[in-house]
Amino acid sequence: MEAFDYLEPRSLSEALTALGNGKRSLMLAGGTDVIVQLREGRRECDQLIDLKHIPELMSYRITGDGSLEIGAAVPLAELYEDPEVRRRFPALVDAATIIGGIAIQSRASLGGNLCNASPAADSSPALMALGARLVIVAPSGNREVAVEEFFTGPGRSALQPGELLLQVKIPAPAANFGAFYHRFIPRNEMDIAVASAGASLTLDGSGRIQAARVALGAVAATPIMVPAAASALIGKEPNTDAFAAAGAAAAAAAAPIDDMRGGIAQRKHLSKVLTVRALEGALQRIRGNR
Ligand SMILES: Cc1cc2nc3c(=O)[nH]c(=O)nc-3n(C[C@H](O)[C@H](O)[C@H](O)COP(=O)(O)OP(=O)(O)OC[C@H]3O[C@@H](n4cnc5c(N)ncnc54)[C@H](O)[C@@H]3O)c2cc1C
């Protein structure tokens, strides 16, 4: 590993000052991606800025209106061990509990998972299905982006030099809202998604689909939203035909590559199957069965 400076800012303003000093910086949250990449020579930096001593990045809260605001460096286990987070945001827990194993989850953060910007990252489609927004902090002030606008390519995000991710904001679930995330891996655990899908549904008073969000992971250069799947669902009864149409739209939107984990045809097929099952999972959650 190349030598670098290790910085331990105690406040956001200290971190931003360090980020603006002209040196090549990387952030350290849980370190479960960045330390591996530095060791293997896949990333280089002059300074590693440890975010774990900045209170805003290490805390989360359910606000008065029921939304969830999560500091970017909060360990995943801290989130899913909270019974209220588990009860209100089960799709977030779907993702948080499958990222690595317990040792990884006790260090790894949502911020690190998003900023590493892997197309196969598990939190991304789950947060996209949940309609999450990201708060980015820069010396000139804060800005917000929808999570689906954050990814610009494999390993690349909308973060500009001098910026860092402050917070993930998940809106309060509406009445008759359910969301679900899952992935396909060839083993039971500790593997990266071959393909993944997150979906959410909101039903109106008559039981028809009022709003829907479908997102896929590991089947394109970034995680992707599938607006055609949502269009196939809105106004319909939440039944097999509607879900099959959304699954077909997801398969059509997937633009995967062949690699050691899976092939193009397999990933397109998985996009369909995982989307249908994610929608079934979301519906079961609305009905209180999951
Ligand atoms: C054994 C193992 C299993 C894994 N399994 C999975 C898996 O199943 N699914 C999955 O999705 N991932 C998996 N990962 C990858 C990794 O654990 C996750 O991506 C994790 O969420 C990264 O979070 P972290 O806090 O450790 O990030 P770090 O390693 O600390 O940071 C990752 C990147 O994000 C940047 N960064 C971090 N926080 C911020 C911030 N607030 N603002 C700006 N930039 C920031 C860092 O500079 C770095 O480039 C696995 C890793 C290992 C080692």
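Above this text sits the structure in question.
Described in the following lines is the structure provided in the data block. (Residues numbered from 1 in each chain as written. Predicted model: local features only at pLDDT ≥ 70, side-chain atom pairs only at ≥ 80, totals over all residues. Heavy atoms only, no water.)

Regarding the nonpolar core
The nonpolar side chains of soluble globular proteins are, as a tendency, buried together. Membership of the largest hydrophobic core comes to 50 residues, with the highest contact counts inside it found for Leu57, Ile70, Leu92, Leu114, Leu127, Val168 and Ile170. At the level of secondary structure, the elements contributing two or more residues to this core comprise helix 1 (12–19), strand 5 (68–71), helix 3 (76–80), helix 5 (90–96), helix 7 (110–115), helix 8 (123–129), strand 6 (133–138) and strand 10 (164–170). The residues contacting Leu92, other than those within four sequence positions of it, are Leu68, Ile70, Leu79, Val85, Leu110, Leu127, Leu130 and Ile170. Counting residues in hydrophobic clusters, the runner-up holds 32 residues, among them Ala195, Ala197, Ala230 and Leu279. (Core = buried A, V, L, I, M, F, W, Y, C linked by side-chain atoms within 4.5 Å. Buried < 20%, exposed > 50% of the residue type's maximum accessible area, 1.4 Å probe, protein only. Helix = DSSP H or I, 4+ residues; strand = E, 2+ residues; numbered from the N terminus. Contact = heavy atoms within 4.5 Å.)

A word on the sheet that holds strand 5
Adjacent strands of a sheet pair through backbone hydrogen bonds, lying either parallel or antiparallel. The five strands lie next to each other as 4-5-10-6-7, forming an open sheet whose pairing is antiparallel. Every interior strand has two partners, whereas the edge strands, strand 4 (60–62) and strand 7 (141–146), have only one. Across the sheet, the axes of successive neighbouring strands diverge by a mean angle of 20 degrees, strand direction being ignored. Here five bridges tie strand 6 to strand 10, and the two strands are oriented antiparallel to one another. Counterpart to Val135 in the pairing with strand 10 is Gln167. (Pairing = 2+ DSSP bridges. Axes fitted to C-alpha atoms, helices over the stretch in contact; angles between N-to-C directions.)

Section: the state of the cysteines
Counted by the stated rule, this structure contains zero disulfides. The thiol of Cys45 is not disulfide-bonded; the next cysteine sulfur, from Cys115, is found 15 Å away. Taking relative accessible area as the criterion, Cys45 reaches 6% and is therefore assigned buried. (Disulfide = S-S within 2.5 Å.)

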